[in-house]
2 protein chains.
Amino acid sequence: MAPAPQARPIVVLVRPQLGENIGKTARAMYNFGLTDLVLVAPRDGWPNPAAGPAAAGADVVLDRARVVDNLDEAVGDCSRVFATTVRDRGMVMPVVTPLEAAAQAHAEIDAGGRVALVFGPERSGLSNEDLALADTILTVPVNPAFGSLNLAQAVVLVAYEWFQHRAPAPAVADHRAGQGAPKQALADLHAQLVADLDARGYFRSEGRYERQARSLRTLLENARLTDQEVQTLRGVFKTLTWAPRDPGDA
Amino acid sequence: MAPAPQARPIVVLVRPQLGENIGKTARAMYNFGLTDLVLVAPRDGWPNPAAGPAAAGADVVLDRARVVDNLDEAVGDCSRVFATTVRDRGMVMPVVTPLEAAAQAHAEIDAGGRVALVFGPERSGLSNEDLALADTILTVPVNPAFGSLNLAQAVVLVAYEWFQHRAPAPAVADHRAGQGAPKQALADLHAQLVADLDARGYFRSEGRYERQARSLRTLLENARLTDQEVQTLRGVFKTLTWAPRDPGDA
């Protein structure tokens, strides 16, 4: 059986450092009706004794929290992934506000898709490798002279917009909402492509490998491919790897 | 001479208990362009050594903070006073969300008025005596099963709505660059649509106008329309505004 449609976005904390901030995140989430928390490689392991007190009663969120090793695994079944950043990171990707993200997340979920809201570690934020797994950048507009939102505050604002969003009657529908390929399908496509390229010497040196592989992932994410298109591309890439047919066979 | 019009609301903390929360309030305010903080009878006096570190660089707000003995004095020169409460206090007073408060505060200040956003002590919240000095209750809509916003989070949300009410619509970086309609074409389409809706009473109040008009713009942006699609929509919208044809003319 297919999994039941997800009614709400999941919140993903990537390499969170302080248990207190995990608790505050749970509190912020639950205030605005979000219950699904995923922790990617929390620095101090899990469970963390500092999380409970900071959750101020949002224990249900902590109890349900899922722990995974990497972001790929966290967002594997999601069709839309919003990555929160504080400043422009120069990624070639749509950039939206919490307000716009809420509208898009509602549309995606209403159409049967699954959505992840991803937040980075307290000090460093998300790495470029993390960002390459997202399809949209989420940035909170702040005072240009003073941008200093902490992790829990960012979660509060994003969750608040999700909760208070009232879907307007769409005059123009996003026909792709809910049809986006699961991230795991994209990850598999990307892995196969990189492996095939690597086997043919595409990545001349170790240094270029990482950057070029990431660029390809970004390219695939930006294309907003449907599941069907991913399957098509797998076929295309696979076919290209075959030896040309001998004209004599024709 | 009359005082110069106030460009932004003041934030009033009534009997705040912890210096840390005063610092967090300053940080939250300054992220969203608010600089005028008034402290009513802070429990531990002022200055408070715990405030600075929690302000995370928003020292300008702390340095300018004014300390007064009572709320009357804090809001004496204000023409609108919003009092933040967590739950319904049974006061016979309008109750607004942060979104509505932001719209009303902008309108008030644009008209030359002065606005205060008032927050109560950490544990108890504002007293009924405090509330009687306000003209409007401000409540953040939260999960009915779990309402647990702390002081700094409430300030963040209220300040955020104030700031983003006026934040310009951010450019959407689009990987379909080159195929999308020129922004001027979208702007013209949007302006015509808003004008047509406005002429038919779609925007019930001044406060909703800006927000809903922006939502429509977001919707149009998200649709990733081509130039041709924009022209098509202009025709569709225009046709809808025509009176139905008299069957006798057919």
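These numbers come from a predicted model, not from an experiment.

Re the overall build of chain A
Consideration 1: The number of helices and strands found in chain A is ten helices and seven strands.
Consideration 2: Counting over 250 residues, chain A shows a buried share of 51%.
Consideration 3: Sequence-distant contacts, at least 24 apart, represent 85% of the contacts inside chain A between residues at least 6 apart.
Consideration 4: As presented, chain A carries roughly 11,600 Å² of accessible surface, and 54% of it is formed by carbon and sulfur atoms.

Section: the sheet that holds strand β4 (residues 80-84) of chain B
In sheet architecture, strand pairing relies on hydrogen bonds along the backbone and comes in two forms, parallel and antiparallel.
All names here are of chain B.
Consideration 1: Sheet architecture is open: seven strands sit in the order β3-β2-β1-β6-β4-β7-β5, paired in parallel fashion. Edge strands, defined here as strands with exactly one partner in the open sheet, are β3 (66-68) and β5 (95-96).
Consideration 2: Of the pairings in the sheet, the one linking β5 to strand β7 (residues 136-138) comprises two bridges and is parallel in character. Counterpart to Val96 in the pairing with β7 is Leu138.

Remarks on helix α5 (residues 98-110) of chain B
All names here are of chain B.
Consideration 1: The first and last C-alpha atoms of α5 sit 18 Å apart over 13 residues, in line with the 18 Å expected at 1.5 Å per residue.
Consideration 2: By the burial criterion, the buried members of α5 are Pro98, Leu99, Ala101, Ala102, Ala103, Ala105, His106 and Ile109.
Consideration 3: Gly112 sits one or two positions beyond α5 and adopts a positive phi of about 95 degrees.

Some points on the confidence of the model for chain A
Residues and elements named next belong to chain A.
Consideration 1: In the predicted model, chain A carries a mean pLDDT of 84, and 85% of its residues have values of at least 70.
Consideration 2: Scored below 50 in pLDDT, residues 167-175 makes nine contacts in the model with residues more than four places away or belonging to other chains.
Consideration 3: Two summary scores accompany this predicted model of the complex, namely pTM at 0.72 and ipTM at 0.76.

Considering the environment of Pro16 of chain B
All names here are of chain B.
Consideration 1: Among the structural elements, Pro16 can be located in the loop between β1 (10-14) and α1 (19-31).
Consideration 2: Accessibility expressed as a relative area gives 2% for Pro16, which makes it buried.
Consideration 3: As a C-alpha pair, Pro16 and Thr139 span 123 residues in sequence and 19 Å in three-dimensional space.
Consideration 4: Filtering out sequence-adjacent residues up to four positions away, Pro16 remains in contact with Ile22, Leu39, Val40, Pro42, Arg43 and Glu122.

Points about the packing of helix α1 (residues 19-31) of chain A against helix α7 (residues 151-164) of chain A
Residues and elements named next belong to chain A.
Consideration 1: Where α1 meets α7, the axes come as close as 9 Å, and the angle between the chain directions of the two elements is 15 degrees. Taken together, α1 and α7 sit at an angle that is classed as roughly parallel. In the packing of α1 onto α7, the handedness of the crossing is right-handed. Across the interface between the two elements, Asn21, Lys24, Thr25, Ala28 and Met29 of α1 pack against Leu151, Ala152, Val155, Val156 and Ala159 of α7.
Consideration 2: For the contact of α1 with α7, the residue count by class is seven nonpolar, two polar and one charged.

How each quantity is defined
- Residues numbered from 1 in each chain as written.
- Chains lettered and ligands numbered in written order.
- Predicted model: local features only at pLDDT ≥ 70, side-chain atom pairs only at ≥ 80, totals over all residues.
- Heavy atoms only, no water.
- Helix = DSSP H or I, 4+ residues; strand = E, 2+ residues; numbered from the N terminus.
- Buried < 20%, exposed > 50% of the residue type's maximum accessible area, 1.4 Å probe, protein only.
- Contact = heavy atoms within 4.5 Å.
- Areas by Shrake-Rupley, 256 points an atom, 1.4 Å probe, with all protein chains shown as cover.
- Pairing = 2+ DSSP bridges.
- Expected span 1.5 Å × (residues − 1).
- pLDDT = per-residue confidence, 0-100.
- Axes fitted to C-alpha atoms, helices over the stretch in contact; angles between N-to-C directions.
- Parallel < 35°, antiparallel > 145°, perpendicular 65-115°, else oblique.
- Left-handed = near helix turned anticlockwise from the far one by under 90°.
- Nonpolar A, V, L, I, M, F, W, Y, C, P; charged D, E, K, R; others polar.

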